[in-house]
Amino acid sequence: MNHFSKTFFLTRFYLRKDWVTLVSWLALILLMTVGVAAIYPSVYPNLNNRIAIINTLKLPSMRAILGPLQNSTTSISNIFVSELSLWMMLLAGIFAIILANGNTRKQEDNGLLEIMQARCVGRFAPLLATFNELILINGLTTILIGSGLNILNLTGSNGAGNWLFASLIGVAGLFFGSLTILLVQVSNNSSQNLTFTFGFFTLFYLLFVGKMVHPKWPVAWLTPFSVVRKLSIYQHNNFGPILLLFVLGLALFGIEFYLASIRDEGSGLLPSIAGRKTLPFLRNYPMLVLVNQFESSAVWIVLLFIFGAMYGSVLVSIQSIVKGNPLITKILQTQANQAITSFLFVISLVFAVIATVPGILTIYKLRTDEKRGLIELIYARPITRTTVYLANVLIGMAISVVAFVGFEMGIFLTQQATLKSPLKLSHFISLIWANGLPMLVLLTLATAIIVWLPKFGKAIWGVLYVVILLNYFGSLFKIKHWIIESTMFGLIKRNFSHPLATEQICLMVGVELILLIASWEHYRKIDL
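Residues numbered from 1 in each chain as written. Predicted model: local features only at pLDDT ≥ 70, side-chain atom pairs only at ≥ 80, totals over all residues. Heavy atoms only, no water.

Caption draft 1: Structural context of the overall build of the protein. Scanning the protein from terminus to terminus reveals 23 helices and 0 strands. Burial status across the protein gives 52% buried among its 528 residues. Expressed as a percentage of contacts within the protein between residues at least 6 apart in sequence, the contacts between residues at least 24 apart total 78%. Within the structure as shown, the protein displays about 24,400 Å² of accessible surface, and the carbon and sulfur contribution to it stands at 68%. (Helix = DSSP H or I, 4+ residues; strand = E, 2+ residues; numbered from the N terminus. Buried < 20%, exposed > 50% of the residue type's maximum accessible area, 1.4 Å probe, protein only. Contact = heavy atoms within 4.5 Å. Areas by Shrake-Rupley, 256 points an atom, 1.4 Å probe, with all protein chains shown as cover.)

As structure tokens, then:
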């Protein structure tokens, strides 16, 4: 048996195992690219609208968030690729990181890799199978986006530019997938690998932001995101940076095989840090959960604070974006003189939903620890199911709330330095309060799904997506108001003084208590 035995069998197995995730990804990325491109002619219907947004995109704060303009024209296609290139790279990178980690180090930690290798599977087969899956899904992503944009044929676009934009997304996913597999060989467990990978991911992005804000930034070439600066999509169509990033991804994958050959399974090349023999405060299960979730939670909190700071820096440009653009006015449901307030409510809603992700991951450990057999070790001590349930749920809620507070504080601190008349702290406290209650409703709903319907636990990610879609685009697509209000976020009024009525607060608290108590009662009685 050679080191690559059963590679193609594993590739087919991974594709069958992940088919729901892969199809969902393709649907999302097509909606975010081809779907968004289809409505751009109505977003910028005339030349004045396009000139206004292009002048706004030239501002350093906007360049830091969206990247540079791709060419010098005032076409719709130029605005489209200039606004989406960087963010689609980010989205493709996040997906590839999660996918690659799940099929490599996570399986190794769960003991599945050892079981597979007992069935004549070569040592390097899982690595190559994961890389094959990354190539297939990113290749298909490139083909679908390129074909869709060619069919749409936006004003000012051309075939080469469409394929260049599509290739940027596909190659970004392949590169960050390769980077994840490389760091698998270094990390000691799946959680540490995600921490390292997203740490590099954030560092790359911050280096890029530094280059956009300070053109003489000397280390911009260290970040893969800098390729968007050199493409000139729809004008010169430079494929060179894309090819370089693709070759770099292949080179990283080649290094992975060497590193995999010199490390032991179940451990990383980095030495494990010896823990303390005694840890005074680690005397109960809740503190164990808190310690285990500390690294990943800290990453989420820092990331949301950074995003808050970035959005705070563009508040000064919001009025010029809204002015004269009827579609954005409709999305924000406001006029230019109230643009900052409405923008804050909309973006706070979106990131309130995003902030529930680390909390849901913590709550999910009610099931994942059970599947891995770890919960049996916990119950070997005098610990009740109520303690386990409350520890995971309440700590998960606390992590999400702190992450969202970090986002709002990022906006608050940055707008203090950029706006001539900055908003008061009390306004941001109102935003935290108004969005915090619907956040807790989402988290208790996630708890109910995880406890009552564990086989459908991944459905909660679809719920988060629908909540954002309804509240962000609900007014644009004329969705009935009661449907939007059913998400709880739709009940928030854009008023800093009274964002929620008393009866709405009582409704949300009542829903949260019912879901929490019902889930707790069921969790106490189910078999392990």
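Caption draft 2: Quick peek at helix H8 (residues 125–152). Taking 1.5 Å of rise per residue, the 28 residues of H8 would be expected to cover 40 Å, and the 40 Å separating its terminal C-alpha atoms lies within 8% of that figure. At the C-terminal side of H8, asparagine 153 shows a positive phi close to 55°. (Expected span 1.5 Å × (residues − 1).)

Caption draft 3: Molecular detail of a nonpolar patch on the surface. A cluster of nonpolar residues, Leu31, Tyr465, Val466 and Leu469, forms a patch on the protein surface that exposes about 300 Å² of accessible area. Top contributing element to the nonpolar patch by residue count: helix H21 (residues 459–473), with 3 residues. Within the secondary structure, tyrosine 465 is located in helix H21. (Patch = residues over 30% accessible without salt bridge, like charges linked within 9 Å, V, L, I, M, F, W, Y side chains within 5 Å. Salt bridge = Lys/Arg side-chain N within 4 Å of Asp/Glu carboxyl O.)

Caption draft 4: Representation of the packing of aromatic side chains in the model. By the definition in use, this model includes 22 aromatic pairs. Note on phenylalanine 80 and phenylalanine 165: the rings are 5.3 Å apart at their centroids and 55° apart in plane angle, and the pair reads as tilted. Of this pair, phenylalanine 80 sits in helix H5 (residues 76–103) while phenylalanine 165 is found in helix H9 (residues 159–184), placing the two residues 85 residues apart along the sequence. For the pair phenylalanine 80 and phenylalanine 165, a shared accessibility class is recorded, and that class is buried. One aromatic cluster in this structure is built from Trp87, Phe175, Phe176, Phe198, Phe201, Tyr205, Phe225, Phe307, Tyr311, Phe351, Phe404 and Phe407. The residue whose ring lies beneath lysine 6 is phenylalanine 9, and the NZ or CZ to ring-centre distance is 5.8 Å. Over the ring of tyrosine 523 we find arginine 385, and its NZ or CZ is 5.9 Å from the ring centre. (Phe/Tyr/Trp six-rings, centres within 6.5 Å; stacked < 30°, edge-to-face > 60°. Lys NZ or Arg CZ within 6 Å of the ring centre and 35° of its normal.)

Caption draft 5: Representation of the nonpolar core. One finds Phe80, Phe165, Phe225, Phe407 and Phe489 to be the most contacted residues of the largest nonpolar core, which totals 140 residues. Here this core gets 15 residues from one element, more than from any other, and that element is H5. With residues up to four places along the chain from it excluded, the contact list for phenylalanine 407 reads Leu304, Phe305, Phe307, Gly308, Tyr311, Ile347, Ser348 and Phe351. Of all hydrophobic cores here, the second largest spans 7 residues; its members include Leu10, Met116, Val121 and Ala129. (Core = buried A, V, L, I, M, F, W, Y, C linked by side-chain atoms within 4.5 Å.)

Caption draft 6: Examining helix H20 (residues 425–452) more closely. Helix length check: H20, at 28 residues, gives a terminal C-alpha distance of 40 Å against a target of 40 Å (1.5 Å per residue), a fit within 8%. Its maximal kink placed at glycine 436, H20 deviates by approximately 30°, while the proline proline 438 follows within four residues. (Bend = angle between axes of the 7 residues up to and from the residue.)

Caption draft 7: Molecular detail of the packing of helix H10 (residues 190–213) against helix H13 (residues 294–313). Contact pair H10 / H13: the axes reach a minimum separation of 10 Å and the direction vectors enclose 15°. Classified by the angle between their axes, H10 and H13 sit roughly parallel to one another. Both H10 and H13 take part in a crossing whose hand is left-handed. Seen from H10, the contacting residues are Gln192, Thr195, Phe198, Thr202, Tyr205, Leu206 and Val209; seen from H13, they are Glu295, Ser296, Val299, Leu303, Ile306 and Met310. Taken together, the residues of the contact of H10 with H13 sort by class into 8 nonpolar, 4 polar and 1 charged. (Axes fitted to C-alpha atoms, helices over the stretch in contact; angles between N-to-C directions. Parallel < 35°, antiparallel > 145°, perpendicular 65-115°, else oblique. Left-handed = near helix turned anticlockwise from the far one by under 90°. Nonpolar A, V, L, I, M, F, W, Y, C, P; charged D, E, K, R; others polar.)

Caption draft 8: A look at empty space enclosed by the protein. Enumeration according to the criterion identifies 2 cavities of 30 Å³ or more in this entry. Volume-wise, the largest cavity comes out at about 170 Å³. What lines the largest cavity is a set of 16 residues, and nearest its centre among them are Glu108, Leu113, Arg123, Leu127 and Arg263. Of all elements in the fold, only helix H6 (105–110), helix H7 (112–117) and H8 reach the threshold of two or more residues within the lining of the largest cavity. Taken together, the residues that form the lining of the largest cavity break down as 6 nonpolar, 5 polar and 5 charged. (1 Å grid on protein atoms, 1.4 Å probe; cavity = no way out; pocket = protein on both sides within 12 Å on 5 of 7 lines; lining within 4 Å. Points joined across faces, edges and corners; volume = space filled by probe spheres on them.)

Caption draft 9: Fine view of the environment of isoleucine 460. Its location among the elements puts isoleucine 460 in helix H21. Separated by 17 residues in sequence, isoleucine 460 and leucine 443 place their C-alpha atoms 9.4 Å apart. Ignoring sequence-local partners within four residues, the contact set of isoleucine 460 consists of Ile360, Leu442, Ala446 and Ile449.

Caption draft 10: Focus on the pattern of salt bridges. A full pass over the atoms with the stated rule returns 6 salt bridges. Arginine 105 is the salt-bridge partner of glutamate 108, the closest N and O atoms lying 4.0 Å from each other. You can see glutamate 108 and its partner arginine 105 sitting in helix H6, 3 residues apart, about one turn around the helix. Judged by its relative accessible area of 12%, glutamate 108 is buried. A salt bridge links lysine 525 to glutamate 521; the nearest nitrogen and oxygen atoms lie 3.1 Å apart. Placement of the pair is lysine 525 and glutamate 521 together in helix H23 (residues 502–525), with a separation of 4 residues, close to one helical turn.

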